[in-house]
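# A look at the structure
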Amino acid sequence: MTFAITQNCCTDAACVAVCPVNCIHPTPGERDFGTTETLYIDPGACIDCGACADACPVDAVHPVADLAPAQQPYAGINAAYFEGTGQPASGAGAGVDHGPNFHAWGAPSFDRVLPADFAPLRVAIVGTGPAGMYAAEDLLLHTRSEVTLVDRLPAPGGLIRYGVAPDHPATKRIGETFARFHTHPRVRLHLGLDVGTHITADELAAHHDAVIYAVGAASDRRLGIPGEDLPGSIAATTFVAWYNAHPEVAPDAVDLSSDRVVVVGNGNVALDVARILVSDPDSLAGTAIAGHALEELRRSKVREVVLLGRRGPEHAACTGTELLALRNLPGVDLVVDDHDARIGTAIDAAGAAGAAGAAHKAGLFQDVPREAVDWSAPPRTAGGRRRIVFRFHSEPLALHGDGHLRAVRVTSGAGEAGEREIPAGLALRAIGYRGVPQAGLPFDEESGTVPHEGGRVTGRPGTYVVGWIKRGPSGGIGTNRRCAAETVGTLLADAVAGRLPAPTGEARAFRRLARRRR
């Protein structure tokens, strides 16, 4: 019996480190690491030891024999990765043909070797999401640093707490891994403390040897089309924050009295909001969903969610694993709007080729019904079912309404004449997150990031960035581990070289300052 990695994979490679036979790829040392949707287990090399399942922080690794029917395709997805990739197809492929351990271990490396007389550092980390906590973990496990965690929100966790859908409890579980550091004896946690409002960046820096900003991307990208600010047009990030009880989003921020919702985008966030909108509220009742959101979903009149994508199905921005999970949603039908001949051609070609390579996502639509949707008619649902319509090769041109959103005007496809209006009372833009300027730090408006060199903020000694504010809103949870390792490495190199400004305030003085200002 072998193991397989399923949709919740966070790609932080904790499983890779414990695998005795090197059967999980791509590893942190391989070119594809950080670019694949998940990690993959080679069924020809797996020895069924279960070490990966024990180490997985998000419960994404399961024995193939125990996979539920809806999860069975993941066994094939894991195996398919090793076909034609150049990765070993079995343990013997690693070059060793005897013994129970086929892993060709490399020489040990010690990335955090510091001088014996290296004094403990006082490091402040602004933000308690994955990026900030990976940086804290690195400092606490490999140095004697004292860490001050600062977060403007009343609960720690960042996007783990306020960005992951409530029906993905396994993904949220990685927060438990990070939470163990909140009570570490060398950690002080300050919640509800906003740098730029309660304290300045200079005050924070004055009490620490170094400051790491892990503030993420707090805003969203705009469409830049007429009517975008009409009531009924909101960011998907607002919707996500609403159902996760974010304190800065009002309980009545979302109105679900329309029978159709248009979501602009087809990435994972778009799929998350579509799934929540059409899910049976009873199935969400046992999750961490906000009470006000659950009540609104119980009253909801939404019967159809339309996902707009400006390119074809082969270029859908979501991961294949999330799309696969969407196909098994109880009481929900998936439909592809067959308004453009290119859509069917791409899906059929991917199916004929076995849905390999770049066409993999298009191949996942092979068994999804296609129809030319009549947008002048109400949503076609029956028996209490709801549906999600994928409309590819179409993008929004304007939002129309008299005081409130009434319809979304979109481009037509090759099989349509003129533009189309899709009646809808709610439109969610899910086209990406965007960083916002940080008080006291330089900011690149074009990229929405803080300018840096290896994590070191340009022109501000002793100040560093990590995560989305450093590299832009790209990569999943595990990507932040490598990102944090680079930033911490730069910080420690600066410390050893004597390039960090000496703090002028004591740790106890900062705690008093934080209590007074908060």
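Everything numeric in this text was worked out from a predicted model, so none of it was measured. Sequence positions are assigned chain by chain, starting from 1 and proceeding in written order. Where local features are concerned, this predicted model is filtered to residues with pLDDT of at least 70; where side-chain atom pairs are given and counted, the filter is 80 or more; whole-chain, interface and lining totals use all residues. Each side-chain value is derived from all of the structure's non-hydrogen atoms; neither hydrogens nor water enter the calculation.

### Some remarks on the overall build of the protein
When helices and strands are counted, the protein shows 18 helices and 23 strands. Within these notes, the globule rule equals 2.2 Å times the number of residues to the 0.38 power, and the radius of gyration is based on C-alpha atoms. By the compact-globule yardstick of 24 Å for 518 residues, the protein fits well, its C-alpha radius of gyration being 24 Å. With respect to the three principal axes, the spread of C-alpha positions in the protein is 75 × 65 × 40 Å. It only takes one pair of heavy atoms within 4.5 Å for two residues to be counted as in contact. Within the protein, contacts between residues separated by at least 24 positions form 74% of all contacts whose residues are at least 6 apart in sequence. Summing over all exposed atoms, the protein offers an accessible surface of approximately 22100 Å²; the carbon and sulfur share of this is 51%. Counting rule applied: Lys, Arg positive; Asp, Glu negative; His and chain ends not counted. For charged residues, the charge sits on one atom: NZ in Lys, CZ in Arg, CG in Asp, CD in Glu. Both charge centroids of the protein, one from 49 positive and one from 58 negative side chains, sit 6 Å from each other. Comment: elements are numbered from the N terminus, with helices defined as DSSP H or I runs of at least four residues and strands as E runs of at least two. Areas reported here follow the Shrake-Rupley algorithm with a probe of radius 1.4 Å; residue values treat only the protein chains shown as occluding.

### Brief notes about helix H4 (residues 130–142)
With 13 residues, H4 should cover 18 Å at 1.5 Å per step; its first-to-last C-alpha distance of 18 Å lies within 8% of that length. Burial status follows relative accessibility: with a 1.4 Å probe on protein chains alone, a residue under 20% of its type maximum counts as buried, one over 50% as exposed, and anything between as partly exposed. Counting buried positions over the 13 residues of H4 gives 11, a clear majority of the element. Considered for burial, the residues of H4 that qualify are Pro-130, Ala-131, Gly-132, Met-133, Tyr-134, Ala-135, Ala-136, Glu-137, Asp-138, Leu-139 and Leu-140. Any helix carries an expected span of 1.5 Å times its number of residues minus one.

### Here we look at the pattern of salt bridges
Any carboxyl oxygen of Asp or Glu that lies within 4 Å of a side-chain nitrogen of Lys or Arg is treated as forming a salt bridge with it. Tallied over the full model, the rule gives 32 salt bridges. Here Arg-222 makes a salt bridge to Asp-229, at a shortest N to O gap of 2.8 Å. Residue classification places Arg-222 among the partly exposed positions, given a relative accessible area of 45%. The partner of Glu-371 in a salt bridge is Arg-380, and the shortest N-O contact between them spans 3.4 Å. Among the residues examined, Arg-380 registers a relative accessible area of 61% and is labelled exposed.

### Here we look at the sheet that holds strand E19 (residues 426–429)
DSSP calls a pair of strands paired once it identifies at least 2 bridges connecting them. The sheet built from 7 strands is open, its strands ordered E10-E19-E11-E12-E15-E13-E14 with parallel pairing. Edge positions in the sheet fall to strand E10 (233–235) and strand E14 (370–371), since each has one partner strand and no second. Sheet topology note: the strand E12 (residues 304–308)/strand E15 (residues 386–391) ladder contains 5 bridges and is parallel. By the bridge assignment, Leu-308 is partnered in E15 with Arg-391. Where helices are involved, their axes are fitted lines through C-alpha atoms of the stretch in contact, as for all axes, and angles between N-to-C directions lie from 0 to 180°. Of the strands in this sheet, strand E11 (260–264), E12, strand E13 (332–337), E15 and E19 are in contact with helix H10 (residues 268–278), which crosses E12 at around 170 degrees.

### Description of the sheet that holds strand E18 (residues 420–423)
Strand order in the open sheet made by the 3 strands is E16-E17-E18, with antiparallel pairing throughout. Among the strands making up the open sheet, the edge pair consists of strand E16 (396–400) and E18. With strand direction ignored, the average angle separating the axes of adjacent strands in the sheet is 25 degrees. Sheet analysis places strand E17 (residues 407–410) next to E18, joined by 4 bridges and oriented antiparallel. Opposite Ala-407, over in E18, you have Pro-423 as the bridge partner.

### Examining the packing of aromatic side chains
The relation between two aromatic rings is expressed through the spacing of the ring centres and the mutual angle of the planes. Only Phe, Tyr and Trp rings are paired, with Trp represented by its six-membered ring, and only when their centres lie within 6.5 Å; those with planes under 30 degrees apart are stacked, over 60 edge-to-face, the remainder tilted. This structure, assessed with the given rule, holds 9 aromatic pairs. Each ring, one from Tyr-134 and one from Phe-178, has its centre 5.0 Å from the other, and the planes form 85 degrees; the classification is edge-to-face. Remark: Phe-178 occurs in helix H7 (residues 174–179) and Tyr-134 occurs in helix H4; sequence separation between them is 44 residues. For the pair Tyr-134 and Phe-178, a shared accessibility class is recorded, and that class is buried.

### Some words on the pairing of E11
Counting buried residues in E11 gives 5 out of 5 residues, a clear majority hidden from the surface. Strand direction decides the pairing type here: E11 and E12, joined by 5 bridges, are parallel. The residue bridging Arg-260 from the neighbouring strand is Glu-304, located in E12.

### Concerning the packing of H4 against helix H17 (residues 479–496)
Packing of H4 against H17 leaves a shortest axis separation of 8 Å and a crossing angle of 50 degrees. On the basis of their axis angle, the class for H4 and H17 is oblique. Crossing geometry of H4 relative to H17 is assigned as right-handed. The residues of H17 that touch H4, namely those facing Pro-130, Ala-131, Tyr-134, Ala-135, Glu-137, Asp-138 and Leu-139, are Asn-480, Arg-481, Ala-484, Ala-485, Val-488 and Leu-492. Gly is put with the polar residues, along with every residue not named as nonpolar or charged; the nonpolar set is Ala, Val, Leu, Ile, Met, Phe, Trp, Tyr, Cys and Pro, and the charged set is Asp, Glu, Lys and Arg. Of the residues contributing to the contact of H4 with H17, the split by class is 9 nonpolar, 1 polar and 3 charged. Angle categories are assigned with fixed cut-offs, so that under 35 degrees is roughly parallel, over 145 is roughly antiparallel, 65 to 115 is roughly perpendicular, and the rest are oblique. Helix crossings are classified by the rotation of the near helix relative to the far one: an anticlockwise turn of less than a right angle makes the crossing left-handed, while a clockwise turn makes it right-handed.

### Let's talk about the environment of Ile-77
Topologically, Ile-77 is positioned in helix H3 (residues 73–81). Linking Ile-77 and Ile-41, residues 36 residues apart in sequence, is a C-alpha distance of 9.5 Å.

### A short note on the packing of helix H9 (residues 236–243) against H10
Following both chains from N to C, one finds H9 and H10 inclined at 50 degrees, their axes separated by 10 Å at the closest point. In terms of orientation, H9 lies oblique with respect to H10. By crossing handedness, the relation of H9 to H10 is classed as left-handed. Contact residues: Ala-236, Phe-239, Val-240 and Tyr-243 in H9; Val-269, Asp-272, Val-273, Ile-276 and Leu-277 in H10. Its residues placed into classes, the contact of H9 with H10 shows 8 nonpolar, no polar and 1 charged.

Structural measurements only, silent on function.
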